[in-house]
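Coordinate inspection notes
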Amino acid sequence: MTIRFEENVITENAQFVCKWSNSLGKSFQEQWMGTMIPFPLTIQVLQDLEGIFSIFEGQKFVGLIQKIRLEGRNLHIGRFFINPQKQGQGLGGQALRKFVSLVFENEDIDTISLNVFEANQRAKNLYQKEGFEIVQMVEAPVRKYIMKKRR
């Protein structure tokens, strides 16, 4: 299984993401997109995101991940989403590992952080398995954790 990334998301793949996400409802979308993105998700919203990367397994589009912002020597990532039909096959872990490895090729970055809602245990477990540690808990509007991984 070969994972690769391409910057941005083409219209056809954005349509897939909207279909996958919207079919699972507003609360699901909020878990992976955050609360600032209106439901239902649209192609335009996805294509307007800066730092978004399409994830491919070989030639097949399987998901997204985003470099959200650089804060000093920390890169905050998020909006990590794998096709629900492909989840549970180790693809998310492999994609996250490879993305983290690529990020750390930049010697100006020492840590990577992300947010995860407390209710999203599956994602939290994946991040912990990949070496992310909880560094802070935020209570509002919904309890979430800020997790960080060091080089």
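Relevant structure appears above.
Quick caveat: nothing in here was measured; it's all calculated off a predicted structure.

Another point: the packing of aromatic side chains. Scanning the entire structure with this criterion turns up 9 aromatic pairs. A ring pair is formed by Phe-53 and Phe-99, whose centres lie 5.6 Å apart and whose planes are at 65°; its orientation type is edge-to-face. Of the two residues, Phe-53 sits in strand 2 (residues 52–57) while Phe-99 sits in helix 4 (residues 91–103), which places them 46 residues apart along the sequence. Of the residues examined, Phe-53 reaches a relative accessible area of 13% and is grouped as buried. When its relative accessible area of 3% is taken as the criterion, Phe-99 is described as buried. Relative to Phe-61, the ring of Phe-56 has its centre 5.8 Å away and its plane inclined at 70°; by these criteria the two rings are edge-to-face. Under the relative-accessibility criterion, Phe-61 is labelled buried at 6%. Site record: aromatic cluster; members linked through ring pairs are Phe-16, Trp-20, Phe-28, Trp-32, Phe-56, Phe-61 and Phe-81. In this arrangement the basic side chain of Arg-4 is found over the ring face of Phe-56, its NZ or CZ atom lying 4.3 Å from the centre.

So, how was this worked out
Residues numbered from 1 in each chain as written. Predicted model: local features only at pLDDT ≥ 70, side-chain atom pairs only at ≥ 80, totals over all residues. Heavy atoms only, no water. Phe/Tyr/Trp six-rings, centres within 6.5 Å; stacked < 30°, edge-to-face > 60°. Helix = DSSP H or I, 4+ residues; strand = E, 2+ residues; numbered from the N terminus. Buried < 20%, exposed > 50% of the residue type's maximum accessible area, 1.4 Å probe, protein only. Lys NZ or Arg CZ within 6 Å of the ring centre and 35° of its normal.

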